[in-house]
Amino acid sequence: MDRRSVSSVSVLMVMSILLLSGGLAIATHIDCYKTCMKICPFQRKVCEKLCTERCHRAAAAAVADHRYYCKLGCSLEKCTKFGRDMQKVGSCENECANKYCNVKVF
C-alpha cells in the first residue's frame, strides 16, 4: 500500500472506534444510573434527580471527547486537500462537525 492508503485506513479505523464509543456512552449512562440508584442513601425521588444529573454529565463528557476526536480525524482525512483555501477548509470542517460527527446521546 502506498502512504496515502495507509493514512486513509488509519483514519477510518480511528473514526470507527470513536463512533462505537459514542454508543458506549449511552450504555455507560444506563449502567451509571442503575449503579447510582442501588447505592444512593436518600429517598427515591432525590436519588432519581441526583443520579440523572450525575450520569448525564458523565455521558455528555464522553460524547464531547468523541466529537473532538471525530472532527479532528475527519478534517485530517477530508479537508487537508484544500490547502490554504480557508473558505473550502471551513466548509469541509463544518460538514465534518454536522454530518459525520454529530452523535446524539439521548
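Residues numbered from 1 in each chain as written. Predicted model: local features only at pLDDT ≥ 70, side-chain atom pairs only at ≥ 80, totals over all residues. Heavy atoms only, no water.

Please give an account of the overall build of the protein that cites residues and values.
A count of helical and extended segments in the protein gives 3 helices and 0 strands. Each helix and strand of the protein, placed in order from N terminus to C terminus, yields the pattern α-α-α. Within the protein, buried positions represent 26% of all 106 residues. In the protein, the share of contacts with a sequence separation of at least 24, taken over all contacts with a separation of at least 6, comes to 55%. Accessible area of the protein: about 7,900 Å², with a carbon and sulfur share of 60%. (Helix = DSSP H or I, 4+ residues; strand = E, 2+ residues; numbered from the N terminus. Buried < 20%, exposed > 50% of the residue type's maximum accessible area, 1.4 Å probe, protein only. Contact = heavy atoms within 4.5 Å. Areas by Shrake-Rupley, 256 points an atom, 1.4 Å probe, with all protein chains shown as cover.)

How would you summarise the pattern of salt bridges if you had to cite specific residues and measurements?
Tallying each qualifying case throughout the model produces 2 salt bridges. We note a salt bridge from R44 to E48, for which the minimum N-O separation is 3.2 Å. Of the two residues, R44 and E48 are both situated in helix α2 (residues 44-78); the distance of 4 residues between them amounts to about one turn of the helix. Of the residues examined, R44 reaches a relative accessible area of 60% and is grouped as exposed. (Salt bridge = Lys/Arg side-chain N within 4 Å of Asp/Glu carboxyl O.)

Explain the environment of Y69 residue by residue, including any values.
In this structure, Y69 sits in helix α2. For Y69, a relative accessible area of 44% puts it in the partly exposed group. For the pair Y69 and C101, spaced 32 residues apart in sequence, the C-alpha to C-alpha distance is 9.0 Å.

Describe the packing of aromatic side chains, listing the residues and the values that go with them.
Applying the stated criterion across every chain yields a total of 1 aromatic pair. Aromatic side chains Y68 and Y69 sit 4.9 Å apart centroid to centroid with 80° between the ring planes, which places their arrangement in the edge-to-face category. (Phe/Tyr/Trp six-rings, centres within 6.5 Å; stacked < 30°, edge-to-face > 60°.)

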